[in-house]
Amino acid sequence: MQVTGIGRVIFWSGGNLWIGLAVDPVPLHAHHAIQIALGFDAPVEFRRRPDDAWTAYPRGVLIRPGVPHEFKAPGRRVANILFEPESELGRALLERHAESDIVALDDDVRDLARCYDAGASDETLIEQTLTLISRLSGGTRPRRPTDSRAIRAIQWISAHLDQPLSLADIADIARLSEERMRHLFVAETGIAFRPYVLWTRLNKALELGLGGMSWTEAAHATNFSDSAHLTRTCRRMYGLAPTSVKIERTALSGQQIA
């Protein structure tokens, strides 16, 4: 069985951290999240297409939402941070780094690496990660925050992932017509309603499955038809199967991955 990483995974509202040892390359995929990839003591490598040459980023890289890419860092300690572009931090970060779809970063990640090596709690690693993102965004608020109606819709979606969801549901929440809500949602999130719901279901299913629930139970709890549907979606959006990630368990942490 392919192993893409060994280490820890931590989820919080609007984001997740994959941290540890990278093993096999991650093939071509694309997802809704902003991705920040960081090498602790060696470069991370990316390319846009399978026939492109690999580009090494000595300190790290930012990948904008929806950009197809492949990733590798064999035998290297890395952190991959994924978080929602419609969040305040996400908006600020994209405004500051608007020059390219893939942007080289140069930031000090020693604090995050030390916390991981010391087996720090999930809460400490989340705090370090959010501090790093804030630093990369320049510590500023976005010039144009996400529309509050879209935020309410997103919050409602997250609270009802175990149910069938429709555009009419969030149109009612926002007190808009379905057509107006359709346009507003794409304008504010950069993605249509159905793909966004699928992305959100996937991340909740991964949180449940990597936390110890069976993949069949995790799929059903997030309204996937079965675990095979969940695996196909994960391969398309993350480039890997959920079972290809090997979870570390320590006395100081609960759920973990790379």
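Residues numbered from 1 in each chain as written. Predicted model: local features only at pLDDT ≥ 70, side-chain atom pairs only at ≥ 80, totals over all residues. Heavy atoms only, no water.

Draft legend 1. Fine view of the packing of aromatic side chains. Enumeration over the complete set of coordinates arrives at six aromatic pairs. Look at F185 and F193: their rings are 6.1 Å apart centre to centre, the planes differ by 75°, and that puts the pair in the edge-to-face class. Per residue, the accessibility class of F185 equals that of F193, and both read buried. Joined through ring pairs, the aromatic side chains of W18, W199 and Y238 make up one cluster. (Phe/Tyr/Trp six-rings, centres within 6.5 Å; stacked < 30°, edge-to-face > 60°. Buried < 20%, exposed > 50% of the residue type's maximum accessible area, 1.4 Å probe, protein only.)

Draft legend 2. Representation of helix α1 (residues 88-96) in the model. Buried within α1 we find G90, R91, A92, L93 and L94. Its buried side turned inward, α1 meets β4 (34-39), β7 (60-63), β9 (77-83), α3 (122-136) and α6 (178-189). (Helix = DSSP H or I, 4+ residues; strand = E, 2+ residues; numbered from the N terminus. Contact = heavy atoms within 4.5 Å.)

Draft legend 3. Looking closely at the sheet that holds strand β8 (residues 69-72). The four strands are arranged β3-β8-β5-β6 in an open sheet whose pairing can be described as antiparallel. Looking along the sheet, the strands with just one partner apiece sit at the ends: β3 (26-29) and β6 (55-57). Across the sheet, the mean angle separating the axes of adjacent strands is 25° when strand polarity is ignored. One ladder, built from three bridges, connects strand β5 (residues 44-47) with β6; its direction is antiparallel. (Pairing = 2+ DSSP bridges. Axes fitted to C-alpha atoms, helices over the stretch in contact; angles between N-to-C directions.)

Draft legend 4. Region of the structure containing the sheet that holds strand β1 (residues 5-12). In spatial order, the strands read β10-β7-β4-β9-β2-β1-β11; together these seven strands make up an open sheet with mixed pairing. The strands lining the two open edges of the sheet, one partner per strand, are β10 (102-105) and β11 (245-247). Between one strand and the next, the sheet's axes are offset by a mean angle of 25°, whatever the strand orientation. Here β4 pairs with β7 via four bridges, running antiparallel. In the sheet register, A37 faces β7, and the bridge partner there is V61.

Draft legend 5. Summary view of the nonpolar core. Judged by nonpolar contacts, the single largest core of 27 residues is most densely connected at L17, I36, F40, I81 and L125. For this core, the secondary structure elements donating two or more residues are β1, β2 (15-22), β4, β9, α1, β10, α2 (110-117) and α3. Residue contributions to this core peak at five residues, all from α3. Sequence-distant contacts of I36, defined by excluding residues within four places in its chain, comprise V61, L62, A79, N80, I81, F83, L93, L105, I133 and L136. Judged by nonpolar contacts, the second largest core, of 18 residues, contains A219, L230, M237 and L240. (Core = buried A, V, L, I, M, F, W, Y, C linked by side-chain atoms within 4.5 Å.)

Draft legend 6. Layout of unusual backbone geometry. For R175, which is not glycine, the phi dihedral falls at a positive 60°. When you line up the elements, R175 lands in the loop between α5 (167-174) and α6. Using a relative accessible area of 78% as the deciding quantity, one classes R175 as exposed.

Draft legend 7. Quick peek at the packing of helix α4 (residues 148-159) against α5. Orientation of α4 relative to α5, taken along the N-to-C sense of each, is 130°, at an axis distance of 9 Å. When the axes of α4 and α5 are compared, the pair comes out oblique. Handedness of the α4/α5 crossing: right-handed. Note on element contacts: α5 touches α4 through D169, I170, I173 and A174, opposite R149, R152, A153, W156 and I157. Considered class by class, the residues forming the contact of α4 with α5 number six nonpolar, no polar and three charged. (Parallel < 35°, antiparallel > 145°, perpendicular 65-115°, else oblique. Left-handed = near helix turned anticlockwise from the far one by under 90°. Nonpolar A, V, L, I, M, F, W, Y, C, P; charged D, E, K, R; others polar.)

Draft legend 8. Local environment of the confidence of the model for the protein. Considering every residue of the protein, the mean pLDDT works out to 93; 96% of them sit at 70 or more. Ignoring residues within four places in sequence, the model shows residues 251-258, a span with pLDDT below 50, making 45 contacts including any to other chains. (pLDDT = per-residue confidence, 0-100.)

Draft legend 9. Here's a closer look at the pattern of salt bridges. By the definition in use, this model includes 18 salt bridges. Ionic pairing is found between R48 and D101, a salt bridge with its closest N-O pair at 3.6 Å. Of this pair, R48 sits in the loop between β5 and β6 while D101 sits in the loop between α1 and β10, placing them 53 residues apart in sequence. Among the residues examined, R48 registers a relative accessible area of 31% and is labelled partly exposed. Taking the relative accessible area as the measure of exposure, D101 reaches 33% and is therefore partly exposed. The closest approach of N and O atoms between D117 and R77, which form a salt bridge, is 2.6 Å. Note that D117 is positioned in helix α2 and R77 in strand β9, a separation of 40 residues in sequence. One salt-bridge network, in which partners are shared between bridges, spans D41, R77 and D117. (Salt bridge = Lys/Arg side-chain N within 4 Å of Asp/Glu carboxyl O.)

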